[in-house]
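Chain residues, written in single-letter form:
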Amino acid sequence: MLKFLKKVGDYATEAAQAAKYIGQGLSVTFDHMQRRPVTVQYPYEKLVPSERYRGRIHFEYDKCIACEVCVRVCPINLPVVDYEYNKAARKKELKSYSIDFGVCIFCGNCVEYCPTNCLSMTEEYELSSYDRHDLNFDNVALGRLPYKVTDDPMVTPLRELAYLPKGAMDPHGVPDSARRAGLRPEEIIEKESAEAPAEVES
Amino acid sequence: MSPGIDLQGSFIQLLTSLGLPPQLAKVVWIPLPLLLMLIAATVGVLVVVWLERKISAAAQQRVGPEYAGPLGTLQPVADGLKLLFKEDIIPAQADPWLFSIGPALVVVPVFLSYLIIPFGQNLNITDLGLGVFLWIALSSVAPVGLLMSGYSSNNKYSLLGGLRAAAQSISYEIPLALAVLAIVMMSNSLSTVDIVGQQSGYGILGWNIWRQPVGFLIFWVAALAECERLPFDLPEAEEELVAGYQTEYGGMRFALFYLGSYVNLILSALLVAVLYLGGWELPISVDWITSLLGLDPATPWLQVITASLGITMVVLKAYLLVFLAVLLRWTVPRVRIDQLLDLGWKFLLPVALVNLLLTAALKITFPAFFGG
């Protein structure tokens with residue numbers, strides 16, 4: 001009998017505990033309801049991509065020496081380099097260059113290895129189209145610069161978490177003038193160059 | 001306890017004074033509250049769908065529907081219209097008759113149950129002597145429809161969903177009925193009007209929730225399970241069963257299921273408000289206020305005010321419970337099927353039985369407090 005009563009008591013405490021935990025959970029959910037939405041209302045608000053963002057690749061036609069390094073380092077040999085060897089000048093003359101962004105994985109190897117720095121990553125990420133062949137960019141399309149989010153009057157630019165001032169979690173309502181947490185890239189360079197001569201002396 | 005506003009009596013009186021025989025006047029009256037209730041239930045669904053989406057969004061720190069109408073209030077209307085204009089598809093291998101009857105069989109009993117919801121002493125479609133029992137009986141019809149649509153879809157997910165719905169409804173019907181039985185025992189009547197009447201007179205202190213706290217919890221958990229709301233939405237668990245018995249449905253037939261589930265949620269919330277939260281009673285008794293102000297409760301303008309206050313109170317209480325249900329949806333994870341049946345048979349049923357026995361004992365011991 002005593003054993004049975006103990007069982008009943010244990011069961012009751014367990015049930016009470018479960019009810020307590022559900023109550024705690026409810027209070028957490030309730031608390032979340034009064035927080036501001038963290039979502040970005042996309043076509044009207046856009047995040048400013050970070051400076052290391054690996055978006056659509058930009059290509060400078062005049063710098064290219066048609067060495068085809070980009071093709072060799074590409075995991076799928078994607079860039080199409082069309083050139084003609086000019087025997088008189090003993091130089092390759094680039095005729096056209098294209099990358100299909102429907103196939104590109106944006107790994108950035110080509111940008112990394114390009115000997116003349118004619119390739120670079122932009123912050124453009126809106127690459128949707130009705131036909132996948134529209135994403136096959138030729139050298140003219142690759143030479144276009146993306147439209148900056150901050151220049152678009154229709155769009156409210158929002159900063160990403162890493163670019164917000166210290167303590168701010170939500171980009172909404174943070175003033176443009178508020179400095180990001182930590183040092184800016186140019187300040188890091190400045191600091192490094194100020195320290196470097198000192199190291200040489202010692 | 002004042003009888004309150006009597007629209008039916010006044011309407012019939014008006015028509016007979018215009019020269020109609022009283023029987024004919026009653027026939028003219030009958031469709032009006034039915035139509036009104038049908039419209040009110042449908043509009044209630046639109047409000048609940050909007051509320052659910054907005055509250056869910058807030059709980060997840062999103063914005064929710066925003067562009068269809070002010071604050072997205074027209075979103076459910078847009079959804080409904082979209083479903084209305086969609087192609088009506090019956091799968092080739094499905095049983096066309098059962099497939100079509102299934103959704104109707106789920107929705108009709110839910111709407112029928114609105115017969116017994118009182119919004120005031122005389123503000124209901126009918127004051128049935130059977131009252132709550134009718135609701136319990138009607139709510140057992142819905143699983144037949146679910147099973148029917150699950151079976152006729154000729155799809156293993158649908159069949160499993162239908163079977164789960166039936167199992168769930170059967171196991172939660174019993175604690176639900178036992179919780180209601182305790183209430184009925186206290187008020188000596190199955191009629192919803194009498195149940196509210198028994199809670200009136202003392203304001204918030206007279207409500208059944210103080211006398212039946214355990215019953216209230218059991219009823220609410222079982223009602224959530226009956227509505228297939230999130231902690232118990234196993235029959236349509238999308239991660240396991242695609243959409244359960246709704247998998248093969250689209251267009252208006254799917255809309256019927258959708259409508260039915262939300263109407264059922266409102267119905268359950270309304271019944272909790274009626275059975276446990278004093279129905280149309282205000283937290284402070286109206287009779288008490290009127291006697292304090294020295295007003296005659298039969299004054300017409302006062303009757304209109306108390307009647308509209310009563311309707312507001314019922315709806316307000318119901319929507320508070322709906323809010324709780326939405327909050328619970330984003331708090332509690334879904335239970336497994338064995339946990340679901342364990343909770344129903346091994347926890348709620350014995351607790352509901354003990355609650356019933358305790359109520360009976362208390363009724364004999366303290367007849368003044370527990371309705372002699």
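The following paragraphs examine the structure supplied in this document. (Residues numbered from 1 in each chain as written. Chains lettered and ligands numbered in written order. Predicted model: local features only at pLDDT ≥ 70, side-chain atom pairs only at ≥ 80, totals over all residues.)

**Some points on the overall build of chain A**
Consideration 1: The helix and strand inventory of chain A stands at five helices and seven strands.
Consideration 2: Along the chain direction, N to C, the helices and strands of chain A fall in the order α-β-β-α-β-β-α-β-β-α-β-α.
Consideration 3: Since a compact globule built from 202 residues should have a radius of gyration of about 17 Å, the 28 Å found for chain A marks it as more spread out than a globular shape.
Consideration 4: Within chain A, the proportion of its 202 residues that are buried is 9%. (Helix = DSSP H or I, 4+ residues; strand = E, 2+ residues; numbered from the N terminus. Rg over C-alpha atoms; globule rule 2.2 N^0.38 Å. Buried ≥ 20, exposed ≤ 12 C-beta atoms within 10 Å, placed from the backbone.)

**Observations regarding the overall build of chain B**
Consideration 1: Scanning chain B for helices and strands turns up 16 helices and zero strands.
Consideration 2: Computed over its C-alpha atoms, the radius of gyration of chain B comes to 22 Å, within 12% of the 21 Å expected for a compact globule of 372 residues.
Consideration 3: Principal-axis analysis of the C-alpha atoms places the extent of chain B at approximately 65 × 55 × 45 Å.
Consideration 4: Counting over 372 residues, chain B shows a buried share of 43%.
Consideration 5: Sequence separation of at least 24 residues holds for 79% of the intrachain contacts in chain B that already meet a minimum separation of 6. (Contact = placed C-beta atoms within 7 Å.)

**Digging into the sheet that holds strand β3 (residues 80-86) of chain A**
Residue and element names in this part refer to chain A.
Consideration 1: Across the sheet, which stays open at both edges, the three strands sit in the order β3-β4-β6 with antiparallel pairing between neighbours. For this open sheet the edge positions go to β3 and β6 (136-137), each flanked by a neighbour on one side alone.
Consideration 2: In terms of strand pairing, strand β4 (residues 91-100) meets β6 through two bridges, oriented antiparallel. Of the residues in β6, the one forming a bridge with Asp100 is Asn136. (Pairing = 2+ DSSP bridges.)

**Thoughts on the environment of A:Asn77**
Consideration 1: The topology assignment puts A:Asn77 in the loop between α2 (69-73) and β3.
Consideration 2: Looking at A:Asn77, the number of C-beta atoms within 10 Å reads 11, which means it is exposed.

**Notes on the interface of chain B and chain A**
Often the size quoted for an interface is simply the accessible area lost on bringing the parts together.
Consideration 1: Tallying the contact residues gives 10 residues for chain B and 12 residues for chain A.
Consideration 2: Those elements that place two or more of their residues in the side of chain B that touches chain A are α3 (31-59) and α15 (300-329) of chain B.
Consideration 3: Per-class residue counts for the side of chain B that touches chain A are seven nonpolar, two polar and one charged. (Nonpolar A, V, L, I, M, F, W, Y, C, P; charged D, E, K, R; others polar.)

**Details of the packing of helix α5 (residues 96-113) of chain B against helix α7 (residues 142-152) of chain B**
Residues and elements named next belong to chain B.
Consideration 1: Taken N-terminus to C-terminus, the directions of α5 and α7 make an angle of 160°; their axes are 8 Å apart at the nearest point. Taken together, the axes of α5 and α7 lie roughly antiparallel to each other. Note that α5 runs across α7; the crossing there is left-handed. Each of Leu98, Phe99, Ile101, Gly102, Pro103, Leu105, Val106, Pro109 and Val110 in α5 lies in contact with α7, whose residues at this interface are Ala142, Val144, Gly145, Leu146, Met148, Ser149, Tyr151 and Ser152.
Consideration 2: The class makeup of the residues in the contact of α5 with α7 is 13 nonpolar, four polar and no charged. (Axes fitted to C-alpha atoms, helices over the stretch in contact; angles between N-to-C directions. Parallel < 35°, antiparallel > 145°, perpendicular 65-115°, else oblique. Left-handed = near helix turned anticlockwise from the far one by under 90°.)

**Some points on the packing of helix α11 (residues 213-227) of chain B against helix α16 (residues 337-365) of chain B**
Residues and elements named next belong to chain B.
Consideration 1: The contact between α11 and α16 brings their axes to 10 Å, and the two run at 145°. When the axes of α11 and α16 are compared, the crossing they make is left-handed. Contacts between α11 and α16 involve Val214, Gly215, Ile218, Val221 and Ala222 on the former and, on the latter, Leu348, Val351, Ala352 and Asn355.
Consideration 2: Classifying every residue of the contact of α11 with α16 by side-chain character gives seven nonpolar, two polar and no charged.

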